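Descriptive structure summary
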Amino acid sequence: MRFRHPDGSLVHLAYCTNVHPAETLEAVVAQLRDHCEPIRRRLGRDRLGIGLWLAKDAALALENDPCALAALRAELDRRGLEVVTLNGFPYEGFGSEQVKYRVYKPDWADPERLRHTTALARILAGLLPDDIVEGSISTLPLAWRTVATPARTETALTALRTLGGRLDALAELTGRSLRIGLEPEPGCVIETTADALAPLIDIAHPRIGICVDTCHLATSFEDPGPALDALAQAGVPVVKSQLSAALHAEHPRRPDVREALTAFDEPRFLHQTRTLTATGRQGTDDLGEALQHGALPDSTPWRTHVHVPLHAAPAAPLTSTLPVLATALTRLVGGPRPLTRHLEVETYTWHALPAELRPRTRTQLTDGIAAELSLARDLLTDLGLKELP
């Protein structure tokens, strides 16, 4: 979906396909037919943006076969779909029964992460619509914190500098400008936007910036205004923003609240939980740990890394951090010029939600994602952006 900002620039809105388990190129093509095109039709649009997730095997198939890449581009066109951004964070197995810590491998100290991301950039250059010259890719924020050492961190930064040079060469070769955004996430080396400042200033490459995920921002109790202002003052580009909402528990000490939270403690994804106390931010790596007696202070609100549907806040006594998303979006695209031009709805947890919230049919999932995109569209038009055909 395309929007015209009041300053005349183009802003893109997509939804991320990592919600659909597709590890191979054949599965990616099938999801375009089974999910992406039906969502476009449900919205009544001639064109729908998708933030494509390409797992290792799918990316290898496209990287090694120019005909396959051309065929995928033709399939996108035929189904009224367009790609200006990729989700390069998960490497493989994101639809597995247990993902948890596996999603952070390989990290940026592993040469495979550089190879894979370089491949994604080359692929995206071939998938961009004819009238678009800018593409974006989100990636993990260096590494999970427990495996980080000074030597590994320096290796990771060197790899990103190398990537910057490759992106420069790709721009010269193709005329397409590709940028990479490190995506701060609780528990990682870069947990917050503030954590991203030093390494990104160190890398000092205009094609290497940040991806602001509003669920992660909220989970870490970051105030969107100061966070985004600090990035702007440091000259760190917001390459893209993922529009997502976290789980919020105002009174985690209450038994009914803890019971409601228990329903979101599931085995597939990691659900980092944070609270902000007078002594600072505290947290656990997973929700189950937080629910253990005394593991996390419970006199202040908790926020949990669960991407809850934007349009459907969980039932009381829980809620979502949709207001944080709205505030961040106002700062991102509501000013005299947009801070980013790539927005992506990323609720990948539909199939891991409590049973009463989980879609039971393909049609229900289509309706849910379409409803999220409709909400995001309304937020954008309320900010003065004009939806384009």
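Let us look at the structure shown here. Residue numbers here run from 1 along each chain, matching the order of that chain's written sequence. Thresholds applied to this predicted model are a pLDDT of at least 70 for local features of residues and 80 or more for the giving and counting of side-chain atom pairs; totals over whole chains, interfaces and linings are not thresholded and use all residues. Excluding hydrogens and water, the side-chain values take into account all heavy atoms of the structure.

Looking now at the pattern of salt bridges. Whenever a carboxyl oxygen of Asp or Glu lies within 4 Å of a side-chain nitrogen of Lys or Arg, that contact is scored as a salt bridge. Counted under the stated rule, the structure contains 32 salt bridges. The residue R341 makes a salt bridge to E134 at a minimum N-O spacing of 2.7 Å. Note that R341 is positioned in the loop between helix 11 (322-333) and strand 14 (342-345) and E134 in strand 5 (residues 134-139), a separation of 207 residues in sequence. Given a relative accessible area of 29%, R341 falls into the partly exposed group. The exposure class of E134 is partly exposed, given its relative accessible area of 30%. Think of it this way: any DSSP run of H or I at least four residues long counts as a helix, any run of E at least two long counts as a strand, and we number them from the N terminus. Buried residues are those whose accessible area, probed at 1.4 Å on protein chains only, stays under 20% of the maximum for their type, while exposed residues exceed 50% and partly exposed ones sit between those limits.

Looking only at helix 2 (residues 56-63), the buried set comprises A58, A59 and L62. Looking straight down helix 2, one finds that the buried residues subtend no more than 95° of arc, so they occupy a single side. Two residues form a contact once any of their heavy atoms are found within 4.5 Å. At its buried positions, helix 2 is contacted by helix 1 (25-43), helix 3 (66-78) and helix 4 (111-127). As used here, the arc belongs to the directions running from the helix axis to the C-beta atoms.

For strand 5, the buried fraction is high: 5 of the 6 residues fall into the buried class. Pairing analysis gives 3 bridges linking strand 4 (residues 81-87) to strand 5, with the strands arranged parallel. Bridge pairing links N87 to S138 in strand 5. Two strands qualify as a pair provided that DSSP identifies no fewer than 2 bridges between them. Bridge analysis of strand 5 against strand 6 (residues 177-182) gives 6 bridges, and the strand direction is parallel. Along strand 6, the bridge assignment pairs S138 with G181.

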